[in-house]
Amino acid sequence: MKAHDGMYIDGAWRPAESKDTIEVVNPADEQVIAVVPAGSALDVDAAVRAARAALPGWAATPPADRAARLAALRDTLVARKDEIAETVTAELGSPLKFSQAVHAGAPIAVAGSYAELAASYPFEEKVGNSVVHQEPIGVVAAITPWNYPLHQIVAKVAPALAAGCTVVLKPAEDTPLVAQLFAEAVHEAGVPAGVFNLVTGVGTVAGQALAEHPGVDMVSFTGSTAVGRRIGAAAGAAVKRVALELGGKSANVILPSADLAKAVNVGVANVMSNSGQTCSAWTRMLVHRDVYADAVELASAAAAKYGERIGPVVNAGQQQRVRGYIEKGVAEGARLVAGGPEAPRDQGYWVSPTVFADVTPEMTVAQEEIFGPVLTILAYEDEDDALRIANGTVYGLAGAVWAGDEAEAVAFARRMETGQVDINGGRFNPLAPFGGYKQSGVGRELGAHGLSEYLQTKSLQF
């Protein structure tokens, strides 16, 4: 596939300072599809310097003009929708229909939402004898993951630009091609030089250099909790602002009054989506003991339908990790009712859609984030027991509650220690804040709450 052999810095593609490279591999067949540069600290420094130089002009640009650039960016992404989907399918392994609907569709919606917010957000308000003014935090380091590569880029870059910040993006090394497409779209949209910059590279080199750079005012990171701790420590040493969207082990609580078949089928679909590589996936299904056997049977049948529907996981390491968790679940006494650790194909990084029954809350597969197409089903005795299990992990990113009465579901959801809860299959809302409790992160993305992460507040007293 087409790939740039340089970095997008200060409005142009320029040769990388580093001679190291990254091979981009199609996880479906293990073929190398492109090679991109692996940036060094020198590349990061050049990008940060460009962002700092562009900051005063972009911060002073009227919000309506920033909104116009974001609207143009949205339109450019719309025009490139097919190319985006094909690129994500090639480097992530996502089925093309899913790439078209989600990997290309969601970023377009988010970019559009920030085009509107940039024009309407109240950057200034009168409070008593003060004027409270919100202004951009400064230069933002955006470090993004591979599982929703373009969505996560747009969810950081769009609000940062709307706020008046400038950005240096370091995308995941597994999915750099769609990040290069995004840089092209930014250029076509007429965003001024230096406002957005792209450095491809590995996290331990380019990512670390970016997080530690003294010219960076804020680090926004999405990824594992383990890496998030290191990012937070590096940023904290310089008292930078951080936004961390980290791991999850979300509970899907099916109360006795719920439509069991619907709740189970939607729950299985949620876990298998994107080959299970979703931080907010409802990977723990909690069912009342009286209907537990029925739920297990329904989930097993539903999972069997996904064998030909989902794509591979992103790389060999992730495949090995997921299969290792499945083996751990069996060793700890969980009962396999679908799938298993054996690879379903000889070539590519495939994992069978897997469902575990007879899972207890303390088992590894019920506590740790697997990040693959693996569902665990747990039984509970009553609502208090269900709440104890649901809240019984170090994570708190998302979740779901199902009940025959919506008010009953809402009452339970309010007691869950998690950042977002879907009620009876509620739809994704790009304007609603997304982020976690506990070790699932710090800060929020999307909507007005996501925009406010990139602002700092000044009070003028009269």
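Residues numbered from 1 in each chain as written. Predicted model: local features only at pLDDT ≥ 70, side-chain atom pairs only at ≥ 80, totals over all residues. Heavy atoms only, no water.

Notes on the sheet that holds strand β6 (residues 130-136)
Within the open sheet, the three strands sit side by side as β5-β6-β22. Their pairing is antiparallel. Two strands bound the open sheet, and with one partner strand each, they are β5 (124-127) and β22 (455-461). In this sheet, neighbouring strand axes are inclined to one another by 25° on average, regardless of whether the strands run parallel or antiparallel. (Pairing = 2+ DSSP bridges. Helix = DSSP H or I, 4+ residues; strand = E, 2+ residues; numbered from the N terminus. Axes fitted to C-alpha atoms, helices over the stretch in contact; angles between N-to-C directions.)

Overview of the UniProt feature "active site" (unreviewed entry) in the protein
Taking the numbering used here, the UniProt-annotated feature "active site" (unreviewed entry) corresponds to Glu-245. You can call Glu-245 buried: its relative accessible area is 4%. If we ignore the near neighbours within four places in the chain, the residues touching Glu-245 are Gln-152, Phe-221, Thr-222, Gly-223, Cys-279, Leu-397, Phe-434, Ser-440 and Glu-445. (UniProt positions renumbered as here; feature names shortened; annotations may be inferred. Buried < 20%, exposed > 50% of the residue type's maximum accessible area, 1.4 Å probe, protein only. Contact = heavy atoms within 4.5 Å.)

Notes on the pairing of strand β4 (residues 31-37)
With six bridges joining them, strand β3 (residues 21-26) and β4 adopt antiparallel strand pairing. The residue bridging Ile-22 from the neighbouring strand is Val-36, located in β4. In sequence, β3 turns back onto β4 through a hairpin of four residues, with Glu-30 there showing a positive phi of about 70°.

Observations concerning the packing of helix α1 (residues 41-59) against helix α7 (residues 203-212)
The geometry of α1 relative to α7 is characterised by a closest axis approach of 8 Å and an angle of 40° between their N-to-C directions. What the angle tells us is that α1 and α7 run oblique. When the axes of α1 and α7 are compared, the crossing they make is right-handed. Here α1 contributes Ala-41, Val-44 and Val-48 to the contact with α7, which in turn contributes Ala-206, Ala-209 and Leu-210. Here the contact of α1 with α7 is built from residues that sort into six nonpolar, no polar and no charged. (Parallel < 35°, antiparallel > 145°, perpendicular 65-115°, else oblique. Left-handed = near helix turned anticlockwise from the far one by under 90°. Nonpolar A, V, L, I, M, F, W, Y, C, P; charged D, E, K, R; others polar.)

Description of the nonpolar core
Core analysis: the biggest nonpolar cluster contains 63 residues, and Leu-70, Leu-77, Phe-182 and Phe-196 have the highest contact counts within it. Looking at this core element by element, the count peaks at 10 residues for helix α5 (residues 149-163). Apart from residues no more than four positions distant in its own chain, Leu-70 is found in contact with Ala-111, Tyr-114, Ala-115, Ala-118, Ala-158, Leu-161 and Ala-162. Formed by 30 residues, the second largest nonpolar core is a distinct cluster that contains Tyr-325, Ile-326, Leu-387 and Ala-413. (Core = buried A, V, L, I, M, F, W, Y, C linked by side-chain atoms within 4.5 Å.)

Details of the sheet that holds strand β13 (residues 284-288)
Taken together, seven strands build an open sheet; the order of strands is β14-β15-β16-β13-β12-β18-β19 and the sheet is mixed. Every interior strand has two partners, whereas the edge strands, β14 (335-338) and β19 (422-423), have only one. Across the sheet, helix α11 (residues 316-331) is in contact with β14, β15 (354-357) and β16 (374-380); its angle to β15 comes to roughly 20°.

Quick look at the pattern of salt bridges
Scanning all chains against the criterion turns up 19 salt bridges. Arg-74 is the partner of Asp-75 in a salt bridge, and the nearest nitrogen-oxygen pair spans 3.1 Å. The class for Asp-75 is partly exposed, based on a relative accessible area of 44%. Residues Glu-332 and Lys-328 are paired through a salt bridge, measuring 3.8 Å at the closest nitrogen-oxygen approach. On the basis of relative accessibility, which here comes to 30%, the residue Glu-332 falls in the partly exposed class. One network of salt bridges, with partners in common, ties together Lys-2, Arg-80, Glu-83, Glu-184 and Glu-188. (Salt bridge = Lys/Arg side-chain N within 4 Å of Asp/Glu carboxyl O.)

Considerations on the UniProt feature "domain: Aldehyde dehydrogenase" (unreviewed entry) in the protein
Within this numbering scheme, the UniProt entry marks residues 13-459 as carrying the feature "domain: Aldehyde dehydrogenase" (unreviewed entry). Between the C-alpha atoms that bound residues 13-459 the distance is 40 Å, and the span itself is 43% helix and 20% strand.

Focus: the pairing of strand β1 (residues 6-9)
Here β1 pairs with strand β2 (residues 12-15) via four bridges, running antiparallel. Following the sheet pairing, Met-7 is matched in β2 by Arg-14. Counting the residues in the hairpin turn of β1 and β2 gives two residues, including Asp-10, whose phi is positive at 55°.

Brief notes about the packing of aromatic side chains
Counted according to the given criterion, the structure contains five aromatic pairs. Considering the side-chain rings of Phe-182 and Phe-196, the 5.3 Å spacing of their centres and the 85° angle between planes classify their relative orientation as edge-to-face. Of this pair, Phe-182 sits in helix α6 (residues 177-188) while Phe-196 sits in strand β9 (residues 196-198), and the two are 14 residues apart along the sequence. Of the two residues, Phe-182 and Phe-196, neither departs from the other in class, the shared state being buried. These aromatic residues form a ring-pair network of at least three members: Tyr-8, Trp-13, Phe-182 and Phe-196. Above the plane of the ring of Phe-123 lies Arg-66, whose end atom (NZ or CZ) is 5.6 Å from the centre. One residue, Arg-345, lies across the ring of Trp-350, its end atom 3.7 Å from the ring centre. (Phe/Tyr/Trp six-rings, centres within 6.5 Å; stacked < 30°, edge-to-face > 60°. Lys NZ or Arg CZ within 6 Å of the ring centre and 35° of its normal.)

Re the environment of Val-199
Topologically, Val-199 is positioned in the loop between β9 and α7. The exposure class assigned to Val-199 is buried, which follows from its relative accessible area of 1%. C-alpha of Val-199 to C-alpha of Ala-413: the two residues are 214 residues apart in sequence and 41 Å apart in space. For Val-199, the residues in contact, after removing those within four places along its chain, are Met-7, Gly-39, Asp-43, Val-44, Ala-47, Val-168, Leu-169, Lys-170, Pro-171 and Ala-206.

Side note on unusual backbone geometry
Positive phi values are uncommon outside glycine, yet Asp-358 reaches one of about 55°. Along the polypeptide, Asp-358 turns up in the loop between β15 and α12 (364-367). Among the residues examined, Asp-358 registers a relative accessible area of 36% and is labelled partly exposed. The backbone of Asn-424 shows a phi angle near 50°, a positive value even though the residue is not glycine. Tracing the sequence through the fold places Asn-424 in the loop between β19 and β20 (437-438). What makes Asn-424 partly exposed here is its relative accessible area of 25%.

Examining α1
Over its 19 residues, α1 extends 26 Å from the first C-alpha to the last, a length consistent with the 27 Å expected when each residue adds 1.5 Å. The largest bend in α1 is about 30°, located at Ala-53, with the proline Pro-56 one to four residues further on. Within α1, burial applies to Asp-43, Val-44, Ala-46, Ala-47, Val-48, Ala-50, Ala-51, Ala-54, Leu-55 and Trp-58. The N-capping residue of α1, defined by a side-chain oxygen 3.2 Å from the backbone nitrogen of Leu-42, is Ser-40. (Expected span 1.5 Å × (residues − 1). Bend = angle between axes of the 7 residues up to and from the residue. Polar contact = N/O pair within 3.5 Å; in protein donor to acceptor, adjacent residues only side chain to side chain.)

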